[in-house]
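Results of the structural survey
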Amino acid sequence: MTFTSMSIAELIGSIERGEICIPRGVQRGFIWSSEKVLKLADSIYRRYPIGIVIFWDISQSTRGREIATGIVEIAEREYRPRYLVIDGLQRLTSFVLIKYGSARVVSTYGGYQRKRINLYFNPETEEFSLSKTRTGTWFKVADVFDDSTFSKLLAEIAGSENLSSAERKEYIGKLQKLRETLSISIPIYIISEETSLDDLVEIFDRINSAGTRVTISHIVVAYLPELADEILSYLNDMNKRGWKFKIPTLVKVLSYRVSGTAFVAKLRDDISKGRVDRNKLREEWTKVKKAVDDTVSLLKSELHIHYSKYVPSETSLSMISTLISIINDEKISRNTNDNKILALLLLLSSYLRRYTGSTEQKMDEDVAFFVKELKSQQNIGLAVKRLLEKWEKIYGSLSIPKEEFRKPTQLNKTLLYFALCENGAIDFYKGIKIESLIAQEDFTIHHIFPRDILRGKYERGQIDDIANLTILSRETNKIIGSKNPENYLRKINEKILSSHFIPLDKELWKVDNYLKFVERRRELIVNFVNNRIYQILNLM
């Protein structure tokens, strides 16, 4: 590792020429807010230290252009990258935005997006602002850095009758000081080209311990320049549809299909050592996409999950996608009951924390067991049922314990959504099914006993008990507000209340009986879910 420095102007020039890039699939895109860019500009102006930048020297690499992507979009595509950014992407991109005010910057899912920042500078107070609405004289920072525009600004200041000679001199001096920030040197560490990509990611991971974690799955994508753009594009498309998946979620499935294991390190080694046919890799990626799409459709139809933020475990989703890809290979048609038990498998694997700790090993064991049973039974439902029976021996029961359904965790919220939708729950006032509200994202989590009437009488954990929550439209939730349930529940049809598992015993609607209410409702919900579990199992 060598130490050097470059001026901000030199860094911007190298970025524009495509000499400074980021490793495709490993680095995240530009995510800083305008406020953060403003603070960086202020720190630079005041000559505060802003940290080092770390590059990986790839100037002699024959694969440099394959694994690199530009920080900003440039017209000339035939560039030869010299450095890949290991740490400092947000600051480097901000340098470009501070100078120009606008640029097409690299996005998280590949490609580029327009980012604008209206940054202004007051030479009298030496402050930066994101608007000119404040009192005082403000100059657009991008105009100060533009030679042609700056000459006009100087002429305007020199000819201004509203400024004294001393003020004109002060303004020009402060604006010159701002322009001189481009000459400030930034300390840079350069990692030698001999450093392996694995070591590189380990360095990145340690530096960015509080940021986005880089995994072996990201390394795999970086090793696949011919597929990296497709993978990132697919993630972007899914994100637009409400399914924001992480790279490892997809790569685990690809790993099993290509290398026969969920241990992604094996796929990385196979690719880096040339043991994988690139045409086969593309074929397998196509099958992975179909399997993930099928899994998403299954989540919507069977678990009533319409967006990834309600998925209880992405690892479990990888597992189900792997099984579905195998089913697709066998050309065995899935029926409604098959879909139900596959969805149940995902739900229970999340609740049992099946893939927490020794994730890949357990996934490999379960996939191997499933494949053996599928080939033996030639029946999807029976193969899944045998796997669940295996889990039942390991964990003692497949039932959801009542005591576990207490905190408002993502997993418990998923169970609540499932129970309400399966029970045909209807909005209190609009007569619309809760499932439709969820699909349209026109819903909110509603406290049946509002927080305002419980504060001071019960602890926060008791107030936010999952058994005190249900789903209603935003409009209905607003109408109810902080009304006492003893009053507003009386005006709602009992069938609708029952669809939300609300006990019909009016004594339980009293604030003094709140703890009895949540215990009774918890029992109703958990019993319903457990009955559904065994109903589905008995279908096989």
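A few points on the structure. Everything quoted here is computed from the prediction, not taken from an experiment. (Residues numbered from 1 in each chain as written. Predicted model: local features only at pLDDT ≥ 70, side-chain atom pairs only at ≥ 80, totals over all residues. Heavy atoms only, no water.)

1. Quick look at the environment of I502
Which entries qualify depends on this criterion: Counting from the N terminus, the helices are the DSSP runs of H or I reaching at least four residues and the strands are the DSSP runs of E reaching at least two. Relative accessibility under 20% of the residue-type maximum defines a buried residue, over 50% an exposed one, and the middle range a partly exposed one, all with a 1.4 Å probe and only protein chains included. For this analysis, residues touch if any pair of their heavy atoms sits within 4.5 Å.
Its place among the elements puts I502 in the loop between helix 24 (494–499) and helix 25 (514–538). By relative accessible area, which is 2% here, I502 ends up buried. Not counting residues up to four positions away in its chain, the partners in contact with I502 are F428, I448, L489, L497, W509, F517 and R521.

2. Here we look at the sheet that holds strand 4 (residues 68–70)
What counts is decided by this rule: Here the rule is simple: two strands pair whenever DSSP picks up at least two bridges between them. Comment: axis = line fitted to C-alpha atoms, over the contacting stretch for helices; angle = value between 0 and 180 degrees taken between N-to-C directions.
Strand order in the open sheet made by the 6 strands is 1-11-3-5-2-4, with mixed pairing throughout. Both outer strands of the open sheet, strand 1 (2–7) and strand 4, are each paired with one neighbouring strand and no more. Strand-to-strand, the axes of this sheet are offset by a mean angle of 45 degrees, without reference to chain direction. Note that strand 3 (residues 53–57) and strand 5 (residues 83–87) share 4 bridges and pair antiparallel.

3. Observations concerning empty space enclosed by the protein
What counts is decided by this rule: The rule is simple: put a 1 Å grid over the protein atoms alone, call a set of points where a 1.4 Å probe fits but cannot get out a cavity, call an open set with protein on both sides within 12 Å along at least five of seven lines a pocket, and count a residue as lining if it has an atom within 4 Å of a point. Grid points are joined across faces, edges and corners, and a volume is the space filled by probe spheres set on the points. Polar here means any residue other than Ala, Val, Leu, Ile, Met, Phe, Trp, Tyr, Cys and Pro, which are nonpolar, and Asp, Glu, Lys and Arg, which are charged; Gly is therefore polar.
Scanning the entire structure with this criterion turns up 2 cavities of 30 Å³ or more. For the largest cavity, the calculated volume is near 90 Å³. Lining the largest cavity are I8, A41, I44, Y45, F95, I98, K99, F128, F145, L178, T181 and L182. Contributions of two or more residues to the lining of the largest cavity are made by helix 2 (34–45) and helix 4 (89–100). Each residue belonging to the lining of the largest cavity can be placed in one class, and the counts come to 10 nonpolar, 1 polar and 1 charged.

4. Details of the pattern of salt bridges
This is how it is decided: Any Lys or Arg side-chain nitrogen found within 4 Å of a carboxyl oxygen on Asp or Glu counts as a salt bridge.
Evaluated as defined, the whole model comprises 36 salt bridges. Between D442 and K430 there is a salt bridge, and its shortest N-O distance comes to 3.8 Å. Of this pair, D442 sits in the loop between helix 19 (434–439) and strand 12 (444–447) while K430 sits in the loop between helix 18 (410–422) and helix 19, placing them 12 residues apart in sequence. Of the residues examined, D442 reaches a relative accessible area of 23% and is grouped as partly exposed. Linked through salt bridges whose partners overlap, the residues forming this network are E126, E170, K174 and K177.

5. Looking at helix 7 (residues 165–179)
Rules: Residue count minus one, scaled by 1.5 Å, sets the expected span of a helix. The arc in question is the one traced by the directions running from the helix axis out to the C-beta atoms.
Taking 1.5 Å per residue, 15 residues should reach 21 Å; helix 7 reaches 21 Å between its end C-alpha atoms and fits that length. Those residues of helix 7 lying buried are Y171, K174, L175 and L178. For helix 7, the buried positions fall inside an angular range of 100 degrees around the axis, keeping them on one side. Helix 7 presents S165, A166 and K169 as exposed residues on the side facing more than 90 degrees away from its buried surface. On its buried side, helix 7 packs onto helix 2, strand 8 (120–122), strand 9 (127–129), strand 10 (139–140), helix 5 (141–145) and helix 6 (147–158).

6. Section: the nonpolar core
We count it as follows: Among the buried residues, those of types Ala, Val, Leu, Ile, Met, Phe, Trp, Tyr and Cys that are joined through side-chain atoms within 4.5 Å form a nonpolar core.
Counting residues in each nonpolar core, the largest one holds 93 residues, and the members touching the most others are L348, L388 and W391. Ranked by size, the runner-up nonpolar core spans 53 residues in total, among them L11, F145, L182 and I188.

7. Here we look at the sheet that holds strand 9
Strand order across the open sheet formed by 3 strands is 9-8-10, with antiparallel pairing between neighbours. With one partner strand each, in any of the chains shown, strand 9 and strand 10 form the two edges of the open sheet. By the bridge criterion, 2 bridges tie strand 8 to strand 10 in an arrangement that is antiparallel. Residue pairing for strand 10: Y120 is matched across the bridge by K140. Against the sheet, helix 7 engages strand 8, strand 9 and strand 10, with an angle of about 140 degrees to strand 8.

8. Remarks on the packing of aromatic side chains
What counts, and what does not: What counts as a ring pair is set by centres within 6.5 Å for rings of Phe, Tyr and Trp (its six-membered ring), and what kind of pair is set by the plane angle: stacked under 30 degrees, edge-to-face over 60, tilted for all other angles.
Overall, the coordinates contain 17 aromatic pairs when judged by the stated rule. Judged by centre distance (5.9 Å) and plane angle (75 degrees), the rings of Y45 and F128 are edge-to-face. A residue pair is termed long-range when its members are at least 10 positions apart, and Y45 in helix 2 and F128 in strand 9 qualify at 83 residues. Pair check on accessibility: Y45 and F128 agree, each one buried. Taking 5.0 Å as the distance between ring centres and 50 degrees as the angle between the ring planes, the aromatic pair formed by F121 and F128 counts as tilted.

9. Here we look at the environment of I305
Turning to its location among the elements, I305 is positioned in the loop between helix 13 (278–303) and helix 14 (314–330). For the pair I305 and L342, spaced 37 residues apart in sequence, the C-alpha to C-alpha distance is 14 Å.

10. Overview of the packing of helix 15 (residues 336–351) against helix 25
Quick reminder of the rule: For classification purposes, angles smaller than 35 degrees are called roughly parallel, those larger than 145 roughly antiparallel, those between 65 and 115 roughly perpendicular, and all remaining angles oblique. By definition, turning the near helix anticlockwise from the far helix through less than a right angle yields a left-handed crossing, and turning it clockwise yields a right-handed one.
Remark: helix 15 packs on helix 25, axes separated minimally by 10 Å, with the N-to-C direction vectors making an angle of 135 degrees. In terms of axis orientation, helix 15 runs oblique to helix 25. For the crossing formed where helix 15 meets helix 25, the hand is left-handed. When helix 15 is examined against helix 25, the residues K340, I341, L344 and L348 are found in contact with a partner set consisting of I533, I536 and L537. Residue composition of the contact of helix 15 with helix 25, grouped by class: 6 nonpolar, no polar and 1 charged.

11. Regarding the side chain of S94
Looking at the element boundaries, S94 is found in helix 4. Among residues more than four places away in sequence, those in contact with S94 are F30, W32, V37 and L40.

12. Side note on the side chain of S259
As a reminder of what qualifies: Think of a polar contact as two N or O atoms within 3.5 Å of one another; within protein, one of them needs to be a possible hydrogen donor and the other a possible acceptor, and neighboring residues in sequence only count if both atoms come from side chains.
Position of S259 among the secondary structure elements: in helix 11 (residues 247–259). The exposure class of S259 is buried, given its relative accessible area of 14%. Reaching out from S259, the side chain makes a polar contact with the side chain of D270 at a distance of 2.7 Å.

13. Observations concerning the packing of helix 15 against helix 17 (residues 380–395)
Packed helices, taken two at a time, are described by the angle their axes make and the gap between the axes. For the pair helix 15 and helix 17, the least separation of the axes is 9 Å and the interaxial angle reads 25 degrees. Accordingly, the angle class assigned to the pair helix 15 and helix 17 is roughly parallel. Once helix 15 is placed against helix 17, the crossing between them reads as left-handed. Taking contact as the criterion, the partners of D338, I341, L342, L344, L345, L348 and S349 in helix 15 are, on helix 17, I380, G381, V384, K385, L387, L388 and W391. A class-by-class count of the residues in the contact of helix 15 with helix 17 yields 10 nonpolar, 2 polar and 2 charged.

Purely spatial values, then, with no claim about function.
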